[in-house]
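Listed below are the residues making up each chain.
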Amino acid sequence: MFELLITMVERLGILVMIAFIFTRFPFFRDMIYQEKLDRKQQYTAILFFGFFGIIGTYSGLTLSTDNLQFSRWASDLNPDEAIANSRVIGVVLAGLLGGYKVGIGAGLIAGIHRFTLGGFTAISCGLAAIITGILSGVFHKKNKHVKLQSAFFIGALAESIQMLIILLISQPFENAWALVEIIGLPMILANGLGCALFMIIIKNVIGEEEKTGAIQAQKTLRIADKTLAYLRNGLNGDSAKAVCHILHNEMKTSAVAMTNLSEILAHVGLGYEHHQSDYPIQTQITLDAINQGEIIVANHEQIHCRVAGCPLGAVIIAPLKYRGKTIGTLKFYFRTEKEITPVIIEMISGLSSLLSNQLEISEADKAYQLAKEAEIKALQAQISPHFLFNTLNTILSLIRIDPAKARKLLVSLSHFLRQNLSATTQTMTTLEQELMHVKAYLAIEEARFVDKLNVIYEIDEDVLLQYIPPLTLQPIVENAIKHGIKDKDSNCIVKISISSKDGRIFVRVEDNGNGMSDERATQICKSPIPSETGNGLALYNVNRRLTIMFGDGAALKINSELEKGTEIGFSVLPRG
C-alpha cells in the first residue's frame with residue numbers, strides 16, 4: 001500500500017506539468033478571476049478538464065485482482081483488472097473552478113472514456129466520475145478563491161465516494177473488496193494531495209506574474225511621476241537629460257539616450273564620451289527606428305557605433321511620438337543582448353508610450369496657455385475702443401467752449417493711450433502702473449463733471465509693486481463714473497483703496513451713486529449685461545481675466561445698495 005502511494009505521488013509530476021501548461025491559457029485565468037464564464041469558455045473548460053481526467057486515467061497503474069500485480073500504464077483492461085489513477089483530480093478542479101456545469105461535463109468525458117477501457121470497475125468508475133463533477137460543483141463559490149484545504153478535502157472525499165461506489169456496484173464483490181483494500185487509502189490521499197498541489201502551482205505561477213506586473217507598474221508610475229515635471233517643458237536638451245538620468249537609475253541599464261529627429265538630445269551612462277548631446281545621430285539603426293516608427297532591438301554588430309571599442313553591447317530603440325508622428329527616440333543600452341528579455345521589451349514599449357503621452361500633454365498645456373493669453377488679449381482689446389469713444393466725445397464737447405482744456409485733455413488722452421497700448425502687449429503690470437493709468441483716465445473724466453467729482457485715494461505704498469492683470473482697475477473706476485454717479489448733480493465721490501491684510505492684497509473702488517439691485521450685482525460678473533449706455537462687457541471682462549490668472553478666489557466682489565452706492569473689489573495673493 002505504501003509503495004502504491006509513493007508511485008502515485010510520483011505520477012503527480014505529470015499533473016504538475018499540466019497545471020503549469022494550463023496557466024498559459026486565457027480561459028483558465030478567466031476561471032480563476034471571473035464571476036461567471038460564458039458558454040464558449042465553459043465548453044473550452046469542459047474539454048480541457050475532461051482531457052485532464054483522461055490523462056489521469058492513462059497515467060494510472062493497472063491492478064489485476066488475480067495476482068495482485070501492478071502494470072505501469074493503463075490500457076484496455078481484462079475483466080479482472082482495475083486502475084489506480086488520478087482521474088478524479090481533473091474532474092474535481094473542473095467543478096471547483098468552473099461550477100457544476102463544467103464539473104458534470106468534464107466528469108462525463110472522463111467517465112465515458114473510463115467505461116470504454118473495460119474492467120470489472122468500468123461502470124462504477126465511470127459513474128463515480130460524473131458524481132464527482134456534481135459534488136465539486138456544489139462546493140464552487142462565486143467571487144471566492146478556492147482554498148488549499150478545500151481542494152484537498154474535496155479531492156479526498158470524491159475518491160472516497162468512488163471507493164464506495166466500487167463496493168456497491170462492481171462484481172464480484174470479493175474482487176471489489178480486495179481492490180479497495182489495496183488502492184483505497186493511497187488513492188484517497190494521493191488525489192486529495194494532487195488537488196491541493198494543483199491549486200498551489202496555479203496560485204504560485206499566477207501570483208508571481210501578478211507580483212512582477214505590480215512591480216513593473218509601480219516602477220512605471222514612479223518614473224511617470226518623476227519625469228512629468230521635466231517633460232512639461234517639451235522635448236529639449238535639458239528635459240531629455242533629466243529624464244535620461246531618471247530612467248538610467250530606475251532601469252539599471254548601461255546607458256539611456258534620447259534624440260529628436262536629427263540630434264542626440266542627451267546620453268547618460270556608458271559611452272557618454274562619444275555619444276554627446278547636440279551631436280548628430282551616429283547610428284543607422286536609430287534612423288531606421290525613426291523612419292519605421294517601431295521598436296527595434298539591436299545587438300553590438302547591428303548598432304554599428306562609429307567608435308571602436310564602444311562598451312554598448314545591445315540596445316532597445318523606442319520611438320517617441322506626437323499625434324502618431326515620430327518626433328524622436330528613447331534608447332536603452334545594455335551590455336549584452338541576453339539582458340534584453342521580453343519583460344524588458346514590454347516595459348520599454350510602455351515607457352515610450354507613457355513619455356509620448358506626457359509630451360502630448362505638455363503641448364496641450366502650451367496650447368491652453370496660448371489660448372488663455374489670446375483670450376486675455378482679446379478681452380483687453382475690447383476695453384480700449386470702449387473708453388476711447390467716450391473720451392473723444394468729451395473732448396469734442398470741449399473744443400468749442402474751452403480749446404485750452406481740450407488740448408490739455410488731448411495730452412492726457414495721448415498719455416493714457418500709450419499706457420493702454422502697452423498694456424495690451426503685457427500679461428501682467430504693477431499696481432503702481434495701473435494706478436497711474438487710472439489717474440490719467442480720471443484727469444479726462446474730471447473735465448466732464450466740472451468740480452462735482454471728488455476722488456479719494458487710500459493707498460498702501462508698500463504693495464504697489466505687486467502684479468495684477470493690466471487694464472483691471474480702470475474699467476472698475478469707469479463703471480463707477482459711468483453707471484454709478486452719472487445722474488448725480490453734485491457731491492460725486494469715488495474712493496480708491498489699495499491695502500494689504502492677512503497675506504492678501506485688496507483693491508476696492510467705492511462710489512456714492514445709484515447702486516444696483518442684489519440680482520444685478522450677482523449676475524453682472526457672470527455674463528455680459530447690456531444696458532442703454534454700453535454692452536455690459538467691462539466688469540465681465542475684468543472678472544474673466546482675474547479668475548483666469550489667479551483663480552476663482554480673485555473674482556470680483558460687489559456690494560451695492562440702491563440709492564446709496566456701490567463697492568466693487570477683488571483680492572489677490574502677492575505674486576511677482
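Being a predicted model, the structure only gives us computed values, none of them experimental. All residue numbers refer to position in the chain's written sequence, counted from 1. Confidence filtering applies because this is a predicted model: local features only for residues at pLDDT of at least 70, side-chain atom pairs given and counted only at 80 or more, and all residues used for totals across whole chains, interfaces and linings. By convention in this description, side-chain values take in all heavy atoms of the structure and omit both hydrogens and water.

### Here we look at the sheet that holds strand S10 (residues 453-459)
Definition in use: When DSSP finds two or more bridges between a pair of strands, those strands are recorded as paired. Secondary structure elements are defined from DSSP: runs of H or I of at least 4 residues count as helices, runs of E of at least 2 residues count as strands, and each element is numbered from the N terminus. Lines fitted to C-alpha atoms define the axes here, with helix axes fitted over just the stretch in contact, and angles between the N-to-C directions of these axes take values from 0 to 180 degrees.
A sheet is described by the order of its strands in space; here five strands give the open sequence S10-S12-S13-S15-S14, paired in mixed fashion. Edge positions in the open sheet fall to S10 and strand S14 (557-561), since each of these has one partner strand only. Shown here is a sheet whose adjacent strand axes are inclined to one another by a mean of 10 degrees, direction ignored. Pairing geometry for strand S12 (residues 492-501) and strand S13 (residues 504-511), over eight bridges, is antiparallel. Considered in S13, the bridge of Val 494 is made with Asp 511.

### Looking at the packing of aromatic side chains
The cut-off we apply is this: Aromatic rings from Phe, Tyr and Trp, with only the six-membered ring used for Trp, were paired whenever their centres fell within 6.5 Å, and each pair was classed as stacked if the ring planes differed by under 30 degrees, edge-to-face if by over 60, and tilted otherwise. Consider the ring centre and the ring normal. A charge sits over the ring if Lys NZ or Arg CZ is within 6 Å of that centre and within 35 degrees of that normal.
Scanning all chains against the criterion turns up three aromatic pairs. Just above the ring of Tyr 457 sits the side chain of Lys 439; from NZ or CZ to the centre is 5.1 Å.

### Overview of the packing of helix H3 (residues 39-58) against helix H5 (residues 100-116)
Defined as follows: Whether a crossing is left-handed or right-handed is set by the direction in which the near helix is turned from the far one by less than a right angle, anticlockwise for left-handed and clockwise for right-handed. Pairs of residues are marked as contacts when any of their non-hydrogen atoms sit within 4.5 Å. Think of it as three bins: nonpolar holds Ala, Val, Leu, Ile, Met, Phe, Trp, Tyr, Cys and Pro, charged holds Asp, Glu, Lys and Arg, and polar takes everything else, Gly as well.
Packing of H3 against H5 brings their axes to within 8 Å, and their N-to-C directions diverge by 35 degrees. For H3 against H5, the interelement crossing comes out right-handed. For the pair formed by H3 and H5, the contact residues are Gln 42, Ala 45, Ile 46, Leu 47, Phe 49, Gly 50, Gly 53, Ile 54, Thr 57 and Tyr 58 on the first element and Lys 101, Val 102, Gly 105, Ala 106, Ile 109, Ala 110, His 113 and Arg 114 on the second. Here the residues of the contact of H3 with H5 are counted per class, giving 10 nonpolar, six polar and two charged.

### A word on the pattern of salt bridges
How we decide: Should a side-chain nitrogen of Lys or Arg be within 4 Å of a carboxyl oxygen of Asp or Glu, the pair is scored as a salt bridge. Each residue is placed in one exposure class: buried if its accessible area under a 1.4 Å probe, protein chains only, is under 20% of its type's maximum, exposed if it is over 50%, and partly exposed if it falls in between.
In this structure the tally under the stated criterion is five salt bridges. Between Arg 222 and Glu 250 there is a salt bridge, with the nearest N and O atoms lying 2.9 Å from each other. Of the two residues, Arg 222 is situated in helix H8 (residues 173-231) and Glu 250 in helix H9 (residues 237-251); the sequence distance between them amounts to 28 residues. Arg 222 gets classed as partly exposed once you look at its relative accessible area, which sits at 34%. Residue Glu 250 is classed as buried on the basis of its relative accessible area, which comes to 11%.

### Some thoughts on the side chain of Asn 191
Short version of the rule: Nitrogen and oxygen atoms within 3.5 Å of one another constitute a polar contact, given that in protein one can donate a hydrogen and the other can accept it, and given that sequence-neighbouring residues count only through two side-chain atoms.
With respect to the helices and strands, Asn 191 occurs in helix H8. Of note is the side chain of Asn 191, whose polar atom sits 2.6 Å from the side chain of Glu 159. When sequence neighbours within four positions are dropped, the list of residues in contact with Asn 191 reads Asn 85, Ser 86, Val 88, Ile 89, Gly 155 and Glu 159.

### Describing the side chain of Glu 159
Where we set the bar: Residues counted as positive are Lys and Arg, residues counted as negative are Asp and Glu, and His and the chain ends are not counted.
Note that Glu 159 resides in helix H7 (residues 148-169). Put simply, Glu 159 is tucked away with no salt bridge, and the nearest opposite charge, on Arg 87, sits 6.6 Å away. Among residues more than four places away in sequence, those in contact with Glu 159 are Val 88, Met 187, Ile 188 and Asn 191.

### Let's talk about the nonpolar core
Definition in use: In plain words, nonpolar cores are sets of buried Ala, Val, Leu, Ile, Met, Phe, Trp, Tyr and Cys residues tied together by side-chain atoms within 4.5 Å.
Counting residues in hydrophobic clusters, the biggest one holds 38 residues, and the most contacted among them are Val 477, Ile 496 and Leu 556. At the level of elements, helix H14 (431-449), S10, helix H15 (473-484), S12, S13, helix H17 (538-550) and strand S15 (565-572) are the ones that each hand at least two residues to this core. Broken down by element, the residue count for this core peaks at six residues, all from H14. Core analysis: the next-biggest nonpolar cluster, separate from the first, contains 25 residues, Ala 240, Leu 247, Phe 334 and Leu 351 among them.

### Structural notes on the confidence of the model for the chain
What counts is decided by this rule: Confidence scores here are pLDDT values: one per residue, from the predictor, ranging 0 to 100.
Residues at a pLDDT of 70 or more form 83% of the chain, whose mean pLDDT is 81. Mean pLDDT values over the elements of the chain span from 62, in strand S2 (residues 70-71), up to 94, in S13.

### What about helix H6 (residues 122-138)?
Inclusion rule: Helix span, as expected, comes to 1.5 Å for every residue beyond the first.
The end-to-end C-alpha distance of H6, which contains 17 residues, comes to 25 Å, matching closely the 24 Å that a straight helix rising 1.5 Å per residue would cover. Among the residues of H6, those classed as buried are Ala 122, Ser 124, Cys 125, Gly 126, Ala 128, Ala 129, Thr 132, Gly 133, Leu 135, Ser 136 and Gly 137. Of the surrounding elements, those touching the buried residues of H6 are helix H4 (87-98), H5 and H7.

### Observations concerning the pairing of S13
Only one face of S13 is buried, namely the one carrying Ile 505, Val 507, Val 509 and Asp 511, since none of Arg 504, Phe 506, Arg 508 and Glu 510 on the opposite face is buried. If you look at the hairpin formed by S12 and S13, you'll find two residues sitting between the two strands, and Asp 502 has a positive phi there, around 50 degrees. Judged from the seven bridges that link them, S13 and S15 form a sheet pairing that is antiparallel. Looking at the pairing, Glu 510 lines up with Glu 567 of S15.

### What to know about the sheet that holds strand S4 (residues 255-259)
Backbone hydrogen bonds hold the strands of a sheet together, and the pairing may be parallel or antiparallel. Taken in spatial order, the five strands of this open sheet run S5-S4-S8-S7-S6, and their pairing is antiparallel. The open sheet is flanked by strand S5 (264-269) and strand S6 (296-299), the only strands paired with a single partner. The average undirected angle you get between the axes of adjacent strands in this sheet is 15 degrees. By the bridge criterion, five bridges tie S4 to S5 in an arrangement that is antiparallel. Bridge pairing in S5 links Val 256 to Val 268. Contacting S4, S5 and strand S8 (325-334), H9 crosses the sheet at an angle of about 30 degrees to S5. Helix H10 (residues 284-292) rests against S4, S6, strand S7 (314-322) and S8 of the sheet, and its axis sits at about 165 degrees to S6.

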